[in-house]
Amino acid sequence: MAISTPLTVPSGTTKAVLNFTRHPPEGQAFFNYVDTPPAGQVQSNVDRVSHEVTISDIRGHESEYTLDQDAFAVIQDVPASAEAEFVDDESIKANYYPEVEKLLLDNIPGSNRIFLFDHTVRRAAADSRRKAVNYVHVDQTAYSVEKRVRNHMGEDAEALLQGRYRIVNVWRPLNKNPVESMPLGFASSSTTDQKDVIPVEHRYPSGYTGETAAIAHSEGQKWYYLSGMTGSERLLLECFDSDGLKEGTEVKGGRVPHTAFEHPGSRPDAEGRESIEVRALVFGP
């Protein structure tokens, strides 16, 4: 069912400033601490730079975009979740995770095994620990995805790495009303050059070090958003697809740059955007 956006919800093609990353000096690696860094360390050494880009609204054209071509896809008319509040991690795992697993199996052709390894709830309150991320990034790289498979899948990991494996984030807003502020912007993977994907060490308090990717700006990138997203919609964000590393497949890169952004049409008193993303290893075919 098509959703029309209320008049107070910003919609249509717009121009907005996004925060990209400069390429690092030769021999230097970028890093970012997930929480408070160790004494004497900076939070991050990533060098950000802003660019104004055109962002097209895909409302009414949702079905034209696919994971294989763009590394994002929209699912609509999702039934209400058994998880009502999204405030307790264990309740989210018990109630929402099974729904996400079924959603992925039903909507990603050939998928036959799902492992949900974490989630993040983002709130708009000033004291919220996790807010919307306002710089362009990809959550995973080939290195970190293989590491995750080995870390989570135990004795099955080696066999699973011989087939097709992906990481897909399932993103949804938690607002009771359509999203009015800080919508999520995303660039088609097919328009993102690999030379503009910059590895960043992602350092966790537990001592685990993963790898994300920052994105350098390029005029060829095509940016999109879905205006007025509601709780009955899900945005699939593909962070990695092993078929994207192979010649002769239909996968165009398999990694979607994304970021929250300030829409110039948002009202100053618009409700802050709140959301949850669940991160999944997807295997098969």
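Refer to the preceding data block for the structure.
Just so we're clear, the structure is a prediction, and the values are computed from it rather than from any experiment.

Within the structure shown, the criterion is met by ten aromatic pairs. Centroid distance Phe72 to Tyr224: 5.9 Å. Interplanar angle 50°. Geometry classified as tilted. Here Phe72 is found in strand E4 (residues 72–75), whereas its partner Tyr224 is found in strand E11 (residues 223–225), with 152 residues between them in sequence. The exposure classification of Phe72 matches that of Tyr224, with both residues buried. Within the aromatic cluster, the residues linked to one another by ring pairs are Tyr65, Phe72, Phe186 and Tyr224. Positioned over the ring face of Tyr135 is Arg48, at 3.7 Å from the centre of the ring. In this structure, Lys147 packs its charged tip against the face of Tyr208, placed 4.8 Å from the ring centre.

Spatially, the five strands line up as an open sheet ordered E4-E12-E7-E14-E5, and their pairing is antiparallel. In this open sheet, the two edge strands, each paired with only one partner strand, are E4 and strand E5 (113–122). On average, each strand axis in the sheet is inclined to that of its neighbour by 20°, with strand direction left out of account. Summarising the sheet, E5 and strand E14 (residues 275–283) pair through nine bridges and their orientation is antiparallel. Its bridge partner being in E14, Arg122 is matched across the sheet by Ser275. Contacting E4, E5, strand E7 (165–173), strand E12 (234–241) and E14, helix H3 (residues 97–107) runs over the sheet at an angle of about 125° to E5.

A separate point is the nonpolar core. Counting 28 residues, the largest nonpolar core has Leu18, Phe20, Ile55, Val149, Trp223 and Leu281 as its most contacted members. If we ignore the near neighbours within four places in the chain, the residues touching Leu281 are Arg113, Ile114, Phe115, Phe117, Val145, Arg148, Val149, His152, Met153, Arg166 and Ile167. Core analysis: the next-biggest nonpolar cluster, separate from the first, contains 23 residues, Ala73, Leu103, Ile108 and Val282 among them.

Moving on, we come to the pairing of strand E8 (residues 184–187). Neither face of E8 is left uncovered, since the one carrying Leu184 and Phe186 and the one carrying Gly185 and Ala187 both have all their residues buried. Pairing analysis gives three bridges linking E8 to strand E13 (residues 258–260), with the strands arranged antiparallel. Bridge pairing in E13 links Leu184 to Ala260. Pairing of E8 with E11 involves three bridges; the strand directions are antiparallel.

Listed in full, the buried residues belonging to H3 are Tyr97, Val100, Leu103 and Leu104. All buried residues of H3 project into a common sector of 120° when viewed along the axis, lining one side. Exposed residues pointing more than 90 degrees away from the buried face of H3 are listed as Lys102 and Asp106. If you follow the buried residues of H3, they end up packed against E4, helix H2 (89–95), E5, E7, E12 and E14.

In this section: the pairing of strand E10 (residues 209–215). For E10, a buried count of six out of seven residues is recorded, marking the element as mostly surrounded by other parts of the structure. Two elements, strand E6 (residues 137–138) and E10, share two bridges in a ladder whose sense is antiparallel. Each bridged residue has a counterpart across the sheet, and for His137 the counterpart in E10 is Ala214. As paired elements, strand E9 (residues 197–203) and E10 share seven bridges and run antiparallel to each other. Paired with Val197 across the bridge in E10 is Ile215. Hairpin connection from E9 to E10: five residues lie between these consecutive antiparallel strands, with Gly207 at a positive phi of about 100°.

Taking 1.5 Å as the rise per residue, helix H4 (residues 142–153) with twelve residues should run 16 Å; its terminal C-alpha atoms sit 16 Å apart, in good agreement. Along H4, the positions that sit buried rather than exposed are Ser144, Val145, Arg148, Val149 and Met153. An end-on view of H4 places all buried positions within 145° of arc, on one side of the element. Tucked inside the fold, the buried residues of H4 contact E5, helix H5 (157–160), E7, E10, E12 and E14. Of the residues flanking the end of H4, it is Gly154, one or two places downstream, whose phi is positive at about 55°.

Rules of the game
- Residues numbered from 1 in each chain as written.
- Predicted model: local features only at pLDDT ≥ 70, side-chain atom pairs only at ≥ 80, totals over all residues.
- Heavy atoms only, no water.
- Phe/Tyr/Trp six-rings, centres within 6.5 Å; stacked < 30°, edge-to-face > 60°.
- Helix = DSSP H or I, 4+ residues; strand = E, 2+ residues; numbered from the N terminus.
- Buried < 20%, exposed > 50% of the residue type's maximum accessible area, 1.4 Å probe, protein only.
- Lys NZ or Arg CZ within 6 Å of the ring centre and 35° of its normal.
- Pairing = 2+ DSSP bridges.
- Axes fitted to C-alpha atoms, helices over the stretch in contact; angles between N-to-C directions.
- Contact = heavy atoms within 4.5 Å.
- Core = buried A, V, L, I, M, F, W, Y, C linked by side-chain atoms within 4.5 Å.
- Arc of directions from axis to C-beta.
- Expected span 1.5 Å × (residues − 1).

Worth remembering: the numbers are spatial, not functional.
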